[in-house]
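Chain by chain, the residues run as shown.
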Amino acid sequence: SLARVAGAKVVVLGVPSDVGAGFCRGASFGPQAIRRALLGDPSSRYSGDGVVDVGDVRVVPQLLDDAMLSEAQLAASREAIYGSADDPSPVSPLSVAAAALRVVRRVAPQAAPLVLGGDHSVSWPALAAVARGREDRLGILHFDAHTDLLETRLGVRYCFATWAYHANDVIGRGGKLVQVGVRISAHDRAHWESTLDVRQHWAADANAREPSELAAEIVDHLRARGVEGLYISNDIDGTDPRYASATGTPEPGGLHPDLVSTLLAEVGGAFELWGSDLVEVAPPLAGQVQGEPLTTLRTAARYIEDQLALSV
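Quick caveat: nothing in here was measured; it's all calculated off a predicted structure.

Here the focus is the sheet that holds strand β5 (residues 177–180). Taking strand neighbours across the sheet as the criterion, the eight strands line up as β2-β1-β3-β8-β7-β4-β5-β6 in an open arrangement whose pairing is parallel. Across the chains shown, the open sheet's two edge strands, defined by having one partner strand only, are β2 (51–56) and β6 (199–201). With direction set aside, neighbouring strand axes in the sheet form an average angle of 15 degrees. With four bridges connecting them, strand β4 (residues 138–143) and β5 associate as parallel partners. Note on β5: the bridge partner recorded for Ile140 is Leu177.

Along the polypeptide, Pro90 turns up in the loop between α2 (71–82) and α3 (93–107). For Pro90 and Asp65, which are 25 residues apart along the polypeptide, the C-alpha to C-alpha distance reads 8.7 Å. If near-sequence neighbours (up to four positions away) are discounted, Pro90 is found in contact with Asp66, Tyr82, Ser95, Val96 and Ala99.

Moving on: the pairing of strand β7 (residues 229–235). Taken across its seven residues, β7 has seven buried, putting it largely inside the fold. Of the two faces of β7, both are covered, the one formed by Gly229, Tyr231, Ser233 and Asp235 as well as the one formed by Leu230, Ile232 and Asn234. Two elements, β4 and β7, share six bridges in a ladder whose sense is parallel. Looking at β7, one finds that Leu138 is bridged to Gly229. Direction of pairing for β7 relative to strand β8 (residues 272–279): parallel, over a ladder of seven bridges. Bridging from a neighbouring strand, Gly229 pairs with Glu272 of β8. For the segment spanning β7, helix α9 (residues 257–268) and β8, crossover handedness is right-handed.

A separate point is the packing of helix α4 (residues 123–131) against helix α5 (residues 163–170). In the contact formed by α4 and α5, the axes pass within 9 Å of each other and the chain directions differ by 10 degrees. Taken together, the axes of α4 and α5 are roughly parallel relative to one another. Together, Ser123, Trp124, Leu127 and Ala131 of α4 and Trp163, His166, Ala167 and Val170 of α5 make up the contact between the two elements. When its residues are assigned to classes, the contact of α4 with α5 shows six nonpolar, two polar and no charged.

Turning our eyes to something else, we now look at the pairing of β5. Across the two faces of β5 the burial is the same, with Leu177 and Gln179 and Val178 and Val180 all buried. In terms of handedness, the path from β4 via α5 over to β5 forms a crossover that is right-handed. Two elements, β5 and β6, share three bridges in a ladder whose sense is parallel. The partner of Gln179 across the bridge, within β6, is Gln200. Handedness of the crossover joining β5 and β6 through helix α6 (residues 189–196) is recorded here as right-handed.

All told, the structure shown has eleven salt bridges when counted by the stated rule. Notably, a salt bridge pairs Glu228 with Arg137, separated by 3.1 Å at the nearest N-O pair. Of this pair, Glu228 sits in the loop between α8 (211–223) and β7 while Arg137 is found in the loop between α4 and β4, placing the two residues 91 residues apart along the sequence. With its nearest N and O atoms 2.7 Å apart, the salt bridge here joins Glu217 to Arg209.

How each quantity is defined
- All chains use their own residue numbering, which begins from 1 and follows the written sequence.
- Selection of residues for local features in this predicted model requires a pLDDT of at least 70, selection of side-chain atom pairs for listing and counting requires 80 or more, and totals for whole chains, interfaces and linings are taken over all residues.
- With hydrogens and water excluded, all non-hydrogen atoms of the structure serve as input to the side-chain values.
- The pairing criterion for strands is at least two bridges between them, as found by DSSP.
- Helix and strand assignments follow DSSP, with helices taken as H or I runs no shorter than four residues and strands as E runs no shorter than two, numbered in order from the N terminus.
- Geometry is summarised by axes, namely lines fitted to C-alpha atoms with helices restricted to the contacting stretch, and by angles between N-to-C directions that run from 0 to 180 degrees.
- Any two residues whose heavy atoms approach within 4.5 Å at even a single point are treated as in contact.
- Type-normalised accessible area, obtained with a 1.4 Å probe on protein chains alone, sets the label of each residue: buried when under 20%, exposed when over 50%, and partly exposed for intermediate values.
- Note on handedness: a clockwise path from strand one over the helix to strand two, with the strands aimed away from the viewer, defines a right-handed crossover.
- Angle categories: roughly parallel below 35 degrees, roughly antiparallel above 145, roughly perpendicular from 65 to 115, and oblique for all the rest.
- Three classes are used, and their members are as follows: Ala, Val, Leu, Ile, Met, Phe, Trp, Tyr, Cys and Pro are nonpolar, Asp, Glu, Lys and Arg are charged, and the others, Gly among them, are polar.
- One speaks of a salt bridge when a side-chain nitrogen belonging to Lys or Arg is within 4 Å of a carboxyl oxygen belonging to Asp or Glu.

Quick look at the structure:
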């Protein structure tokens, strides 16, 4: 697979880490389960030309990002992983993912990375790698039940609840982060839009709209802000639990998959896709819900096909 990266249109990278999640774990099983669902469909774009899966990053479950480790811990982990405390290579899953995606971009600058999470913290290194050198032209389409717009959470800089705050800063704010599906927040829409200069479409309002009309509004909004390329971050909990309950924080009143698919096709199709992800699929958290986790995995596979279609 690695030998085919240079000619790829899409490079798939798994980040099976859930240490950056909330109270419920299980998203570390997401990449493996999503791949199984895709491989079960012989017509899937995942198995077609132009798509190269480079595997998973190394995950030390107690680590998250090298920027949050002491020098002593970095040295100890490098000694254990690489055989030398002086090796400069990253040791935490988010930092390993960032390094891998930088290499992918050098080898295949035309390819769009597709990251399989893992909890939502994995979107941070993916977005940062995609944005490098073109921050002012990048927009973000973010599906989620939550805003993920905290600067820190319990003193932690990079995690599931903070990645969007830092991503918004990287692209220069300016309304280029568009969030769809929000329905659980300590603050209302006006607070987030006025303080962080984001654009939000909460779930109840989005579901009440005609999908193509909403898509056209988002496209016009992003074009007016000079956006040329798009990063799509698709948290499965943005979707209603009827279609995706095997996740860490399922919230009622979510988006219908048809709406998500329309926005992926019509907003994503209006710009160059520079990268995307699908996160927070957690098969072990299916509980006693009938049909789960199969229902969530089918929804996830559908979204992956939608996202692959934008590049392949």
